[in-house]
Amino acid sequence: MIKENLEQIRATIPSGVTLVAVSKTKPVSDLQEAYDAGQRIFGENHALEMRDKHEVLPRDIQWHFIGHLQTNKIKYIIPFVTLIHSIDTANLLEAVNKEAKKHDRVVDCLLQFHIAQEETKFGLTLDEARQLLESDIFKQMHNIRICGVMGMATFTDDEAEVRKEFKNLKTVFDTLKKEYFADLPQFKEVSMGMSEDYPIAIEEGATLVRIGSKIFGARNYNV
């Protein structure tokens with residue numbers, strides 16, 4: 001069933017948009033089934049779970065960390081993580097840089113922005129991002145690379161609200177690209193859109209969509 005789900009989703013995603021299979025709480029066997037169906041990019045939101053899966057699954061998998069990252073858990077994923085979507089404070093970015101330096105790596109990161117109505121969502125404001133990017137501390141971070149932005153829309157059936165929030169994130173991306181990354185081709189990613197709203201996100205400029213339940217079925221909250 002996972003293979004069929006992946007095929008159906010891929011048929012709806014245009015070239016230039018990357019599918020991140022959100023595999024959090026799912027058993028290794030499910031990830032292996034998706035891998036056998038050709039999926040190579042997986043998204044996890046718990047560092048220890050991601051580390052454990054990385055240890056037993058094929059080495060050519062690209063691991064994206066998409067959840068709220070605690071500084072004391074960074075060390076578990078830095079040796080292998082491909083992209084961290086959820087940099088929401090200057091302190092977190094500094095901690096990632098410090099850990100990456102220990103492993104002689106440059107780790108790709110996205111800045112997470114608060115675009116939803118819900119207060120529970122993490123993320124920067126545009127002003128906070130500007131302060132970070134203009135800070136002396138940021139200029140000394142040589143082991144991270146900012147590659148774009150990420151955001152989560154409000155969980156609602158109001159399509160107009162969701163579209164507005166995605167549009168806002170794309171505006172943030174365009175603003176940062178113009179002001180800070182105009183000459184840096186790596187700044188190209190807009191991570192937005194999940195199982196229920198990814199078609200809208202693609203229409204509004206997403207380059208990465210994070211899809212879980214439409215691939216693997218409902219999330220297991222008992223894990």
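Trainee: Talk me through the overall build of the protein chain; I want residue IDs and the actual numbers.
Mentor: What the protein chain contains, in helices and strands, is 10 helices and eight strands. At 17 Å, the protein chain has a C-alpha radius of gyration in line with the 17 Å of a compact globule built from 223 residues. Taken along its principal axes, the extent of the C-alpha atoms in the protein chain is 50 × 45 × 35 Å. Taking all 223 residues of the protein chain together, the buried fraction comes to 51%. For the protein chain, contacts bridging at least 24 residues in sequence account for 59% of all contacts bridging at least 6. Of the roughly 11000 Å² of accessible surface on the protein chain, a fraction of 49% belongs to carbon and sulfur atoms. Positive and negative side-chain charges of the protein chain, numbering 28 and 34 respectively, have mean locations separated by a distance of 4 Å.

Trainee: Tell me about the packing of aromatic side chains, residues and numbers included.
Mentor: Counting across every chain of the model gives three aromatic pairs. For the pair F42 and W63, a centre-to-centre distance of 6.1 Å together with 35 degrees between the ring planes defines the contact as tilted. With F42 in strand β2 (residues 41-44) and W63 in strand β3 (residues 62-65), this residue pair connects regions lying 21 residues apart in the sequence. Here the aromatic rings of F173 and F187 are separated by 5.0 Å at their centres, their planes lie at 5 degrees, and the arrangement is stacked.

Trainee: Provide a residue-level description of the packing of helix α1 (residues 2-10) against helix α2 (residues 28-36), including the pertinent values.
Mentor: Across the interface, α1 lies against α2 with an axial gap of 9 Å and an inter-helix angle of 50 degrees. Considered as vectors, α1 and α2 are oriented oblique to each other. Along this stretch, α1 crosses α2, giving a crossing that reads as right-handed. Residues I2, K3 and L6 of α1 form the contact with α2, whose own contacting residues are D30, E33 and A34. Partitioned by chemical class, the residues of the contact of α1 with α2 number three nonpolar, no polar and three charged.

Trainee: Any chance you could break down the pairing of strand β4 (residues 83-87) for me, citing the residues and the numbers?
Mentor: Within β4, five of the five residues are buried, leaving the element largely enclosed by the surrounding structure. Summarising the sheet, β3 and β4 pair through two bridges and their orientation is parallel. Bridged to H64 within β4 is L83. One ladder, built from three bridges, connects β4 with strand β5 (residues 107-113); its direction is parallel.

Trainee: I'd like a description of the environment of A153, backed by residues and values.
Mentor: Positionally, A153 belongs in the loop between β6 (144-151) and α8 (159-180). Distance in space between the C-alpha atoms of A153 and D197 is 8.6 Å, their sequence separation being 44 residues.

Trainee: Tell me about the environment of M192, and name the residues and values.
Mentor: If you trace the backbone, M192 turns up in the loop between β7 (189-191) and α9 (198-203). Owing to a relative accessible area of 0%, M192 belongs among the buried residues under this scheme. Between the alpha carbons of M192 and M150 there is a distance of 5.9 Å; along the sequence they are 42 residues apart. With sequence-adjacent residues up to four places away left out, M192 is seen in contact with G151, F166, L169, A201, E204, G205, A206, L208, V209 and R210.

Trainee: Tell me about helix α5 (residues 90-102), and name the residues and values.
Mentor: When the terminal C-alpha atoms of α5 are compared, their 19 Å separation across 13 residues agrees well with the 18 Å that a helix rising 1.5 Å per residue should span. Inspection of α5 places L92, L93, V96, N97, E99 and A100 among the buried residues, and these make up the whole buried set. Residues of α5 that are buried sit in contact with α4 (74-77), β4, β5, α6 (126-133), α7 (136-139) and β6. In the stretch just after α5, D104 is the one whose phi turns positive, near 55 degrees.

Rules and cut-offs
- Residues numbered from 1 in each chain as written.
- Predicted model: local features only at pLDDT ≥ 70, side-chain atom pairs only at ≥ 80, totals over all residues.
- Heavy atoms only, no water.
- Helix = DSSP H or I, 4+ residues; strand = E, 2+ residues; numbered from the N terminus.
- Rg over C-alpha atoms; globule rule 2.2 N^0.38 Å.
- Buried < 20%, exposed > 50% of the residue type's maximum accessible area, 1.4 Å probe, protein only.
- Contact = heavy atoms within 4.5 Å.
- Areas by Shrake-Rupley, 256 points an atom, 1.4 Å probe, with all protein chains shown as cover.
- Lys, Arg positive; Asp, Glu negative; His and termini not counted.
- Charge placed at Lys NZ, Arg CZ, Asp CG, Glu CD.
- Phe/Tyr/Trp six-rings, centres within 6.5 Å; stacked < 30°, edge-to-face > 60°.
- Axes fitted to C-alpha atoms, helices over the stretch in contact; angles between N-to-C directions.
- Parallel < 35°, antiparallel > 145°, perpendicular 65-115°, else oblique.
- Left-handed = near helix turned anticlockwise from the far one by under 90°.
- Nonpolar A, V, L, I, M, F, W, Y, C, P; charged D, E, K, R; others polar.
- Pairing = 2+ DSSP bridges.
- Expected span 1.5 Å × (residues − 1).

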